[in-house]
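What follows is each chain in one-letter form.
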Amino acid sequence: MRITFFGTGYVGIVSGTCFAEMGNDVLCVDINAEKVRRLNAGEIDIFEPGLEELVGRNRQSGRLRFTDDVAAGVAHADVLFIAVGTPSLPNGSADLSAVLNVARSIGACMTTPKLVVGKSTVPVGTADQVRSVIHRSLVERGVTLDFDVVSNPEFLKEGAAVSDFMKPDRIVIGANRPGSADTMNRLYAPFNRNHDKIVHMDVRSAELTKYAANVMLATRISLMNELANLAEILDADIESVRRGIGTDPRIGYHFIYPGMGYGGSCFPKDVQALIDTSRRNNFTAHIVDSVARVNEHQKGVLVEKILSHFGSDLGGRRFALWGLAFKPNTDDMREAPSQVVIERLTAAGASVIAYDPQAGGNARRLYADNPLVQFVAHRDAAVPGADALVVVTEWNEFRSPDFERLRAELKQPVIFDGRNLYDPGYLHGLGFRHYPIGRGFGDRLPARAARDAWLRDERITAISGTGL
């Protein structure tokens, strides 16, 4: 099938490439001519495992091409995907200007019937706006052509997007015409062979499904972080609580890891957009409002621990920071908690030496004008002479460092663990001050360690049978 994607951002390039991998003839359109030049030269400006190889293979085969010629994109295919960005405006609403500009271009250029597919994350009712814009353009041209607009939201996780597209959990298709739904079924047939993963619904329900999914996951994160903060007050261990509730199949273990809050291109934007949609429809989304507030607070929790330990004046202090991306396996720093940490530490007079396996380039551009922020190419190069280590992103290479070396190279053996990567008892035994999230025993760690050791002995005794 011949397919056109408008937009070569994260969603557009991953989706278009995966469709090309299945044998489709895909043309990706972007109005940024320089970006198109780089893509045609094999240069991809995002990091996503497996994507570069996939793009290269399909470019070589001729099934995947890039252009800045909008009219050529419209003429290329009967199925046109809109996958442009919808960033948040200052009031929290989604900026639909790029989506509607594509719709105008389609209406201005189409000469045959088209199926227009909304792939961008958009508020409920956007497909109606797209339909209206295309219809108006056709009327202005004095042309009558059949077209339809459907919704096909994406559910790609950064860091696993290629795998998510090739082996989807579900494929949501919002279509009000049976013929449009049939076309989408044929398009997705190669991804739907093992069992039926397609969920059909009306267009507006599909648009809401995307927001509902992201807000649901964001809610779990914020709720767990709020419980973690309460656990510290109550001298409880949120990691034990997490395991205790995760065994309940109604809850499970996904998205209940306490930490520094969510970030990235989706959750913050989509939560705010749903709040805005609710407000525009005279509805107060109490829970969604709280999710956003808790998350903004959580991004600063680790900084509060740092200020509590060192005092409010950090002049002359230097901190080693591990992790800049909002999550592992991506270079995306949009809404990343690391930005809050860096900005607040440097505002208090501290300097930061930061390392991230993938996001260093983005961070250098972001902090080019801040002389208090430096970047290194290796994890261990950030540590020597630092007053403390601050762990912000849970990359695998941070999970098992050489703690003896860390203790020797840090000015003080202090670790602020924003992702609960390390065992508090073990670090205490090595002489570290360890500040995790939601593990509330703090200065009472020796007593807690002794209690945990006693509990382990009791379990061993019970298993051996001698305690019966």
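The structure under discussion appears in the preceding block.
Structure report, in brief. (Residues numbered from 1 in each chain as written. Predicted model: local features only at pLDDT ≥ 70, side-chain atom pairs only at ≥ 80, totals over all residues. Heavy atoms only, no water.)

### Quick look at the packing of aromatic side chains
Aromatic ring pairs are described here by two measures, namely the spacing of the ring centres and the angle between the planes. Counted only if it meets this: Here is the rule: rings of Phe, Tyr and Trp (six-membered ring for Trp) pair when centre to centre is within 6.5 Å. Planes less than 30 degrees apart are stacked, more than 60 are edge-to-face, and the remainder are tilted. Helical segments are the DSSP runs of H or I of at least four residues, strand segments are the runs of E of at least two, and each set is numbered from the N terminus. To sort residues, take the accessible area from a 1.4 Å probe on protein chains only and compare it with the maximum for the residue type: under 20% means buried, over 50% means exposed, and anything in between is partly exposed.
Inspection of the entire model under this criterion finds 19 aromatic pairs. For the pair Phe403 and Tyr426, a centre-to-centre distance of 5.9 Å together with 70° between the ring planes defines the contact as edge-to-face. Remark: Tyr426 occurs in helix H17 (residues 424-429) and Phe403 occurs in helix H16 (residues 403-409); sequence separation between them is 23 residues. Given a relative accessible area of 10%, Phe403 falls into the buried group. Here a set of aromatic residues connected by ring pairs shows up, and it is made of Phe5, Phe19, Phe81, Phe165, Tyr188 and Phe191.

### Details of empty space enclosed by the protein
Inclusion rule: Whether a set of points on the 1 Å grid over the protein atoms alone is a cavity depends on a 1.4 Å probe fitting there but being unable to get out, while an open set qualifies as a pocket with protein on both sides within 12 Å along at least five of seven lines; lining residues are those with an atom within 4 Å of a point. Grid points are joined across faces, edges and corners, and a volume is the space filled by probe spheres set on the points. For this classification, Asp, Glu, Lys and Arg are treated as charged, while Ala, Val, Leu, Ile, Met, Phe, Trp, Tyr, Cys and Pro are nonpolar and the rest, including Gly, are polar.
For the structure on display, the rule yields two cavities of 30 Å³ or more. In terms of lining, the largest cavity is formed by 14 residues, of which the most central are Gly118, Lys119, Val122, Thr126 and Val130. At the level of secondary structure, the elements contributing two or more residues to the lining of the largest cavity comprise strand S5 (114-118), helix H6 (126-141) and strand S6 (147-151). Residue composition of the lining of the largest cavity, grouped by class: eight nonpolar, four polar and two charged.

### Digging into a nonpolar patch on the surface
Basically, it comes down to this: Patches here: salt-bridge-free residues with over 30% relative accessible area, like charges joined within 9 Å, nonpolar side chains (Val, Leu, Ile, Met, Phe, Trp, Tyr) joined within 5 Å. Where accessible areas are quoted, they stem from the Shrake-Rupley method and a 1.4 Å probe; at the residue level, only the protein chains shown are allowed to cover. Here a salt bridge means any side-chain nitrogen of Lys or Arg lying within 4 Å of a carboxyl oxygen belonging to Asp or Glu.
Judged by side-chain polarity, Leu223, Leu227, Leu230, Ile233 and Leu234 come together as a nonpolar surface patch covering roughly 500 Å² of accessible area. You can see Leu223 is positioned in helix H9 (residues 203-234).

### Here's the deal with the nonpolar core
This is how the line gets drawn: Working definition of a nonpolar core: buried Ala, Val, Leu, Ile, Met, Phe, Trp, Tyr and Cys residues. They are joined through side-chain atoms within 4.5 Å. Contact criterion: two residues are considered in contact whenever any of their non-hydrogen atoms come within 4.5 Å of each other.
With 59 residues, the main nonpolar core has Phe319, Trp322, Leu324, Ile415, Phe416 and Tyr422 as its most contacted residues. If sequence neighbours within four positions are ignored, Phe416 has contacts with Leu302, Lys305, Ile306, His309, Phe310, Ala388, Leu389, Val390, Val391 and Tyr435. The next biggest cluster of nonpolar side chains, apart from the first, holds 42 residues, and it includes Ile106, Val122, Ala127 and Val271.

### Here's the deal with the sheet that holds strand S11 (residues 373-375)
Spelled out, the test is: Strand pairing is assigned whenever DSSP identifies at least 2 bridges connecting the two strands. Here the axes come from fitting lines to C-alpha atoms, over the contacting stretch only for helices, and the angles between their N-to-C directions go from 0 to 180 degrees.
Here six strands make up an open sheet; going across it, the order is S11-S10-S9-S12-S13-S14 and the pairing parallel. Each end of this open sheet is capped by a strand with a single partner; those strands are S11 and strand S14 (433-435). Within the sheet, the average angular offset between the axes of one strand and its neighbour, ignoring direction, is 20°. Both strand S13 (residues 414-417) and S14 contribute to a ladder of three bridges, which runs parallel. Residue Val414 lies in a different strand from S14, and its bridge partner there is Arg433.

### With respect to the environment of Gly252
Structurally, Gly252 is set in the loop between helix H10 (238-246) and helix H11 (267-280). Judged by its relative accessible area of 19%, Gly252 is buried. In this structure the C-alpha to C-alpha distance between Gly252 and Ser290, which are 38 residues apart in sequence, comes to 22 Å.

### Considering the environment of Ala218
Note on placement: Ala218 falls in helix H9. Spatially, the C-alpha atom of Ala218 lies 6.4 Å from that of Phe267, the residues being 49 residues apart in sequence.

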